[in-house]
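Topology and contacts: notes
For reference, the chains in residue letters:
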Amino acid sequence: FGAAWLHSTPEDCEFRRRGLENLCPGAQFTGWDVHGGYAEYAVAPEEFVYPAPPQIDDAHAAPLMCAGIIGYRSLRIAEARDAPTLGLVGFGASAHIAIQIARHWGCEVYVFTHTERHRQFAREMGAAWVGSVGDDPGVQLRSAIIFAPVGELIPPMLRVLERGGQLVCAGIHMSPIPQFDYDLLYGERVLRSVMNSTREDGEGLMRVAGEIPLQTTVKTFALDEANEALRQVKESELSGAAVLQIA
């Protein structure tokens with residue numbers, strides 16, 4: 001079992017009643033409002049805890065509870081299940097999970113990343129094309145997800161979306177979005193953000209993770225190596241996700 005970033009919401013929340021508890025103003029978050037993440041023990045409400053597929057061990061299931069759930073929600077909002085072509089911008093912990101789900105759904109995945117380590121990783125994970133933002137992927141994309149927190153990436157990614165396409169921003173924070181011509185958005189293109197995740201996302205992710213079965217790439221660190229793990233994530237030195245092993 002694992003606990004995600006969204007720890008709980010008030011039962012009387014209107015957003016929760018609509019199945020959108022991720023938007024609840026009174027939500028509490030693991031490691032922010034309550035103990036968890038860097039704790040040896042944590043307590044969480046049963047309805048916000050998810051059973052990992054039995055064939056995935058704890059270390060490899062850990063990324064599903066954060067990077068995986070955000071990636072899964074981004075795929076849902078991007079309507080990737082019905083998209084023949086999907087772009088992923090940035091290829092870190094979330095994207096290396098999202099590409100497996102997208103390919104399981106039958107998408108051709110086009111990866112935009114500037115780091116050669118991540119480009120090679122994307123190729124190994126089955127990307128149909130790998131390049132940089134601004135490069136021509138050779139097709140118009142039905143949907144795209146930006147995992148990198150860089151607002152300057154939005155205009156060039158709108159350029160490669162087909163009419164009616166979805167561009168989803170998956171980060172919690174993003175640098176300022178530059179001004180761009182309305183023509184880039186015209187044609188009923190949609191620009192959306194992702195905020196946290198719902199219980200439906202967590203449950204859906206665990207089901208599809210077992211079906212694939214999903215394989216995460218992780219590098220484990222002891223709890224007292226947390227600062228080094230964060231440094232390697234910040235410097236893009238990892239392929240996949242960093243996982244802290246709590247004694």
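Up top is the structure these notes are about.
The structure presented is a predicted model; accordingly, all values stated were derived computationally and were not measured.

1. Observations regarding empty space enclosed by the protein
- Applying the stated criterion to the full structure yields one cavity of 30 Å³ or more.
- Computed from the structure, the largest cavity encloses a volume of approximately 30 Å³.
- As for the largest cavity, its lining consists of Ala4, Trp5, Leu6, Met65, Cys66, Ile69, Ile70, Asn196 and Ser197.
- Among the residues forming the lining of the largest cavity, the class breakdown is seven nonpolar, two polar and no charged.

2. Digging into the sheet that holds strand 9 (residues 161-169)
- Spatially, 7-6-5-8-9-10 is the arrangement adopted by the six strands of the open sheet, whose pairing is parallel. Every other strand in the sheet has two partners, leaving strand 7 (129-131) and strand 10 (190-193) as the edge strands with one partner each. Going from strand to strand, the sheet's axes swing by 15° on average, the running direction of each strand aside.
- Pairing of strand 8 (residues 141-146) with strand 9, which is carried by five bridges, proceeds in the parallel orientation. Of the residues in strand 9, the one forming a bridge with Ile146 is Cys169.
- Running at roughly 155° to strand 9, helix 3 (residues 67-77) makes contact with strand 5 (85-89), strand 8, strand 9 and strand 10 of the sheet.

3. Let's talk about the packing of helix 3 against helix 4 (residues 93-104)
- The N-to-C vectors of helix 3 and helix 4 enclose an angle of 50°; their axes lie 8 Å apart at closest approach. When the axis of helix 3 is compared with that of helix 4, the two are oblique. Our pair here, helix 3 against helix 4, has a crossing hand that is right-handed. Here Ala67, Gly68, Ile70, Gly71, Tyr72 and Leu75 of helix 3 come into contact with helix 4, specifically with Ala93, Ser94, Ile97, Ala98, Ile101 and Ala102.
- Tallied by class, the residues present in the contact of helix 3 with helix 4 amount to nine nonpolar, three polar and no charged.

4. Things to note about the pairing of strand 11 (residues 218-222)
- Bridge count for strand 11 against strand 12 (residues 241-245) is five bridges, and the pairing is parallel. Opposite Lys219, over in strand 12, you have Ala242 as the bridge partner.

5. Digging into the pairing of strand 5
- Counting buried residues along strand 5, five of its five residues qualify, which places the element largely inside the surrounding structure.
- With burial as the criterion, each face of strand 5 is covered, one bearing Thr85, Gly87 and Val89 and the other bearing Leu86 and Leu88.
- Bridging between strand 5 and strand 6 (residues 108-112) involves five bridges; their strand directions are parallel. Bridge pairing in strand 6 links Thr85 to Glu108.
- The handedness of the strand 5 to strand 6 crossover, carried by helix 4, is right-handed.
- As paired elements, strand 5 and strand 8 share four bridges and run parallel to each other. Paired with Gly87 across the two strands is Ala144, which belongs to strand 8.

Conventions we followed
Residues numbered from 1 in each chain as written. Predicted model: local features only at pLDDT ≥ 70, side-chain atom pairs only at ≥ 80, totals over all residues. Heavy atoms only, no water. 1 Å grid on protein atoms, 1.4 Å probe; cavity = no way out; pocket = protein on both sides within 12 Å on 5 of 7 lines; lining within 4 Å. Points joined across faces, edges and corners; volume = space filled by probe spheres on them. Nonpolar A, V, L, I, M, F, W, Y, C, P; charged D, E, K, R; others polar. Pairing = 2+ DSSP bridges. Helix = DSSP H or I, 4+ residues; strand = E, 2+ residues; numbered from the N terminus. Axes fitted to C-alpha atoms, helices over the stretch in contact; angles between N-to-C directions. Contact = heavy atoms within 4.5 Å. Parallel < 35°, antiparallel > 145°, perpendicular 65-115°, else oblique. Left-handed = near helix turned anticlockwise from the far one by under 90°. Buried < 20%, exposed > 50% of the residue type's maximum accessible area, 1.4 Å probe, protein only. Right-handed = clockwise from strand over helix to strand, strands pointing away.

Any functional reading would require information beyond the geometric quantities listed.
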